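Below, each chain spelled out in residue letters.
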Amino acid sequence: MKRNTSPLFLLVSGILLTMLMSASKSSTSSPSEQAVRLEDAFPDLTFEQPVEFTHAGDGSNRLFVIEQTGRIRVFANDPAVKSAGIYLDLTTKVASGGEMGLLGLAFHPDFTHNGYLYVNYTKRKPLETIIARFQAKTADAGRIDPATETILLRFAQPYDNHNGGKLAFGPDGYLYISTGDGGAWGDQHNYAQNRNSLLGKILRLDVNKTDKGLYGIPADNPYANNQEGYREELYAYGLRNPWRFSFDRQTGQLWAGDVGQNEFEEIDIITKGGNYGWRLKEGNRCYNPRHDCDNGQLTDPVHTYPRTDGVSVTGGFVYRGSRIPALRGRYIFGDYSNGKVWALSVDNNRKTGHELISGDGGSVSAFGEDAAGELYILDHSAGKIRRFVR
């Protein structure tokens, strides 16, 4: 997981925000004008420390949930579903606990033909992050053989926290990976600003090429073919622990929630080559050094919030579903420590407003979309999947 605090998981039962207007308002109304609440999306299912929720894009209506301990579960997208099968069991490969474990899953855009899926997990002896590919025998297979593993990328982790862990294919067909700054406190080795390091970054790989062995470098990556020794995999840098990121399915824009140090949590809109400031800055404030930290080349977050509102941001999604018209086009995110969920409004990459829409998210470890773009919230401690309803 991605915590600044100890891995003692907090489950805060909040009170849902009272909405002021009726649900009969038009789709242009704000969330506070249209009542929303959270419900258990799959009442008969409970998962062990869920950290990711996705679909394969194969038209099967199946959903996939990662359990941090090392399993991927599969089940039908049906509120009445009674069981979730084991799709892939990596518990013998994965070192889990605290912020370590099986952390990311992404299906290849051409999964129906090649059967490829990609995972991000941590291991010990040595302490490493592994980016691996597995292959389903057929697109509709109910289980994956762990022996089909092909490791694309591995890199050392100096400590066992701040591992990032998200994987996702962008609209460009490339695989994006989030990495934390290596852990401990204050990025003492300055990995996030070091472009020779893969830590504290968003990476972008071309998994359909092999010029780097088992993957390639997109030709327009910021440091492709550079002469300074910078890692060519880098897409953006200066991040502390971008635990969860997502692409807006309508615009393709890349959003990330970056977990803060001790004052601010932040939401970033990620652009190619951007430097998001850590450890020079935490949020909008200088961190190391304490003064004169910004030479004008840093990208500020689109939104920050202080520790009085929460201590561990979980990045979400721009909502593009149809169930809750009032949330459409807003970026929905939460905080792991207290179950709060907010809706952020942005125009031309600038915040125009944000509001609390629920305090009942539980220990919000991740958000996920189904094939229709409907949004789900994972409660890490309770092992439940929730969704918004009007």
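Residues numbered from 1 in each chain as written. Predicted model: local features only at pLDDT ≥ 70, side-chain atom pairs only at ≥ 80, totals over all residues. Heavy atoms only, no water.

**Some remarks on the sheet that holds strand β20 (residues 313–318)**
Right, so step 1: The four strands are arranged β20-β21-β22-β23 in an open sheet whose pairing can be described as antiparallel. Each edge of the open sheet is held by one strand with a lone partner, namely β20 and β23 (350–358). With strand direction ignored, the average angle separating the axes of adjacent strands in the sheet is 25°.
Right, so step 2: Bridge analysis of strand β22 (residues 341–347) against β23 gives seven bridges, and the strand direction is antiparallel. By the bridge assignment, A343 is partnered in β23 with E355. (Pairing = 2+ DSSP bridges. Helix = DSSP H or I, 4+ residues; strand = E, 2+ residues; numbered from the N terminus. Axes fitted to C-alpha atoms, helices over the stretch in contact; angles between N-to-C directions.)

**Some thoughts on the pattern of salt bridges**
Side-chain pairs of opposite charge can arise where the charged atoms are in close proximity.
Right, so step 1: As enumerated under the stated definition, the model contains 24 salt bridges in all.
Right, so step 2: As a salt-bridge pair, E67 and R73 come within 3.3 Å of each other at their nearest N and O atoms.
Right, so step 3: Among the ionic pairs, E149 bridges to K93, the shortest N-O distance being 2.8 Å. One end of the pair, E149, is in the loop between β8 (128–135) and β9 (150–156); the other, K93, is in the loop between β5 (85–89) and β6 (102–107), with 56 residues separating them in the sequence.
Right, so step 4: Given the relative accessible area of 31%, K93 is considered partly exposed.
Right, so step 5: Linked by salt bridges that have partners in common, D172, R204, D220 and K272 make up one network. (Salt bridge = Lys/Arg side-chain N within 4 Å of Asp/Glu carboxyl O. Buried < 20%, exposed > 50% of the residue type's maximum accessible area, 1.4 Å probe, protein only.)

**Examining the pairing of strand β2 (residues 50–54)**
Right, so step 1: Summarising burial for β2: five of the five residues are buried, a large majority.
Right, so step 2: With four bridges connecting them, β2 and strand β3 (residues 62–67) associate as antiparallel partners. Counterpart to E52 in the pairing with β3 is I66.

**Observations regarding the pairing of β3**
Right, so step 1: Burial within β3 is extensive, with six of its six residues counted as buried.
Right, so step 2: Because side chains alternate across β3, one face comprises the buried residues R62, F64 and I66, and the other comprises L63, V65 and E67, equally buried.
Right, so step 3: Examined bridge by bridge, β3 and strand β4 (residues 71–76) share six bridges and lie antiparallel to one another. Considered in β4, the bridge of I66 is made with I72.
Right, so step 4: Where β3 folds back onto β4 in an antiparallel hairpin, the turn is made up of three residues, including G70, whose phi is positive at roughly 130°.

**Looking at the state of the cysteines**
Right, so step 1: Scanning the model with the defined rule gives one disulfide in all.
Right, so step 2: A disulfide bridge connects C286 with C293, and the sulfur atoms are separated by 2.1 Å. Between C286 and C293, the S-S dihedral sits near -85°, and the bridge is therefore left-handed. Of the two residues, C286 and C293, neither departs from the other in class, the shared state being buried. (Disulfide = S-S within 2.5 Å.)

**Describing the sheet that holds β9**
The strands making up a sheet associate through backbone hydrogen bonding, with each pair oriented either parallel or antiparallel.
Right, so step 1: Spatial ordering of the open sheet is given by β6-β7-β8-β9, a layout of four strands whose pairing is antiparallel. Of all strands in the sheet, those with a lone pairing partner are β6 and β9, marking the two edges. When the angles between neighbouring strand axes are averaged without regard to direction, this sheet yields 15°.
Right, so step 2: Of the pairings in the sheet, the one linking β6 to strand β7 (residues 116–123) comprises five bridges and is antiparallel in character. The residue bridging L102 from the neighbouring strand is Y121, located in β7.

**Considerations on the confidence of the model for the protein**
Right, so step 1: Residues at a pLDDT of 70 or more form 91% of the protein, whose mean pLDDT is 92.
Right, so step 2: This stretch, residues 2–34, has a pLDDT under 50; its non-local contacts, to residues over four places away or in other chains, come to 88 contacts. (pLDDT = per-residue confidence, 0-100. Contact = heavy atoms within 4.5 Å.)

**Considering the packing of aromatic side chains**
Right, so step 1: For the structure shown, the criterion picks out 19 aromatic pairs.
Right, so step 2: Taking the centre distance of 4.5 Å and the plane angle of 15° together, the rings of W255 and Y331 count as stacked. In this pair, W255 is assigned in strand β15 (residues 254–258) and Y331 in strand β21 (residues 331–335), connecting sequence segments 76 residues apart.
Right, so step 3: These aromatic residues form a ring-pair network of at least three members: F42, F47, F53, F75 and Y376.
Right, so step 4: Here the basic side chain of R133 rests over the ring of Y116, its NZ or CZ set 4.3 Å away from the ring centre.
Right, so step 5: Here R240 stacks its cationic end above the ring of W278, 5.7 Å away from the centre of that ring. (Phe/Tyr/Trp six-rings, centres within 6.5 Å; stacked < 30°, edge-to-face > 60°. Lys NZ or Arg CZ within 6 Å of the ring centre and 35° of its normal.)

**Remarks on unusual backbone geometry**
Right, so step 1: Residue P126 is reached from K125 by a cis peptide bond, and omega for that bond is 0°.
Right, so step 2: Relative to the elements of secondary structure, P126 occurs in the loop between β7 and β8.
Right, so step 3: Of the consecutive residues W278 and R279, the connecting peptide bond is found in the cis state with omega at 5°.
Right, so step 4: Mapped onto the elements of the fold, R279 is located in the loop between β16 (264–270) and β17 (281–282).
Right, so step 5: Although it is not a glycine, N190 adopts a positive phi angle of roughly 60°.
Right, so step 6: Turning to its location among the elements, N190 is positioned in the loop between β11 (175–178) and β12 (201–205).
Right, so step 7: Look at N190 and you get partly exposed, because its relative accessible area is 26%.

**With respect to the nonpolar core**
Right, so step 1: One finds I72, Y87, L117 and V119 to be the most contacted residues of the largest nonpolar core, which totals 38 residues.
Right, so step 2: Listed in part, the 20 residues of the second largest apolar core include L153, Y215, I217 and Y237. (Core = buried A, V, L, I, M, F, W, Y, C linked by side-chain atoms within 4.5 Å.)

**A short note on the environment of S312**
Right, so step 1: Within the secondary structure, S312 is located in the loop between β19 (303–306) and β20.
Right, so step 2: Considered as a pair, S312 and G334 are 22 residues apart in the sequence and their alpha carbons are 8.6 Å apart.

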